[in-house]
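Architecture and fold: a report
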Amino acid sequence: NAGVTQTPKFQVLKTGQSMTLQCAQDMNHNSMYWYRQDPGMGLRLIYYSASEGTTDKGEVPNGYNVSRLNKREFSLRLESAAPSQTSVYFCASSETGTQSGANVLTFGAGSRLTVL
Amino acid sequence: LAKTTQPISMDSYEGQEVNITCSHNNIATNDYITWYQQFPSQGPRFIIQGYKTKVTNEVASLFIPADRKSSTLSLPRVSLSDTAVYYCLRTKYSGAGSYQLTFGKGTKLSVIP
């Protein structure tokens, strides 16, 4: 099994450009998540999707949009990239979902985004 | 936010047992404690999860006392390959039957030959 696959792995953008980060999971998980990781900050939740057809804001949603395309895929879009969005982005999924206190996440390898 | 507090960094020699303690004073009844490991340029990886008392798997042990205000991840006989950042998380009930996972800054473990 591939688990959680993210594309692209690396991307450089100019300020104001747009792009979409793609994420797909093959574990039939209900819930999917997007986190960003900045030096010394740990991981911060951007958006999540508890189940197909639903999305909710996390801790740092400003400047981002998401789409849960189907059960497998959850994309993150930057409409007008800013240097503050330079970060490593991680997609994750979970079987038990956000309805359980025992939620366990499976992460992708990350996408490194630089905004100039 | 579901805040946890853990040391920023720790050093250990190869072959030693390493204990990383995490405090979560305001843990709620339905919250679990979960630990993740992250190597450079990789996503975090689940290590172990517990609710109370002791949980052990092939990688680590997790000790949670009765008051559940803290937890300790124990890594037996560490090797150089255990050098990584370790995150302690508690779930947080955010309403409408939904729980969230909030990552802290983690503990950077350096294993020394």
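Now for a description of the structure that goes with this document. Please read these numbers as outputs of a predicted model, since none were measured by experiment.

**Describing unusual backbone geometry**
Cis geometry marks the peptide bond from T7(A) to P8(A); its omega dihedral reads -10°. Locating P8(A) in the fold gives a position in the loop between β1 (4–7) and β2 (10–13). The phi torsion at S41(B) lies on the positive side, around 65°, for a residue other than glycine. As for its placement among the helices and strands, S41(B) is situated in the loop between β3 (33–38) and β4 (45–50).

**A look at the packing of aromatic side chains**
Counted according to the given criterion, the structure contains twelve aromatic pairs over all chains. Pairing Y33(A) with Y48(A) gives two aromatic rings, centres 6.4 Å apart and planes at 25°, and the pair type is stacked. Placement of the pair is Y33(A) in strand β4 (residues 31–37) and Y48(A) in strand β5 (residues 43–49), with a sequence separation of 15 residues. What makes Y48(A) buried here is its relative accessible area of 8%. An aromatic cluster is defined as three or more aromatic residues linked by ring pairs; in this entry it consists of Y33(A), Y35(A), Y48(A), F90(A), F107(A), Y36(B), F46(B), Y87(B) and F103(B). Seen from the ring of Y51(B), R68(B) lies directly overhead, with NZ or CZ sitting 3.9 Å from the centre.

**Quick notes on the interface of chain A and chain B**
Taken together, the contact between chain A and chain B spans 21 residues of the former and 22 residues of the latter. Summing both sides of the interface, chain A and chain B together bury roughly 1700 Å²; the carbon and sulfur share of this comes to 53%. Across the chain A-chain B interface, the total number found is zero salt bridges. Applying the counting rule to chain A against chain B returns three residue pairs in polar contact (both at pLDDT 80 or more). In terms of residue class, the side of chain A that touches chain B is built from eleven nonpolar, nine polar and one charged.

Parameters at a glance
Residues numbered from 1 in each chain as written. Chains lettered and ligands numbered in written order. Predicted model: local features only at pLDDT ≥ 70, side-chain atom pairs only at ≥ 80, totals over all residues. Heavy atoms only, no water. Helix = DSSP H or I, 4+ residues; strand = E, 2+ residues; numbered from the N terminus. Phe/Tyr/Trp six-rings, centres within 6.5 Å; stacked < 30°, edge-to-face > 60°. Buried < 20%, exposed > 50% of the residue type's maximum accessible area, 1.4 Å probe, protein only. Lys NZ or Arg CZ within 6 Å of the ring centre and 35° of its normal. Contact = heavy atoms within 4.5 Å. Buried area = accessible area lost by both parts, 1.4 Å probe. Salt bridge = Lys/Arg side-chain N within 4 Å of Asp/Glu carboxyl O. Polar contact = N/O pair within 3.5 Å; in protein donor to acceptor, adjacent residues only side chain to side chain. Nonpolar A, V, L, I, M, F, W, Y, C, P; charged D, E, K, R; others polar.

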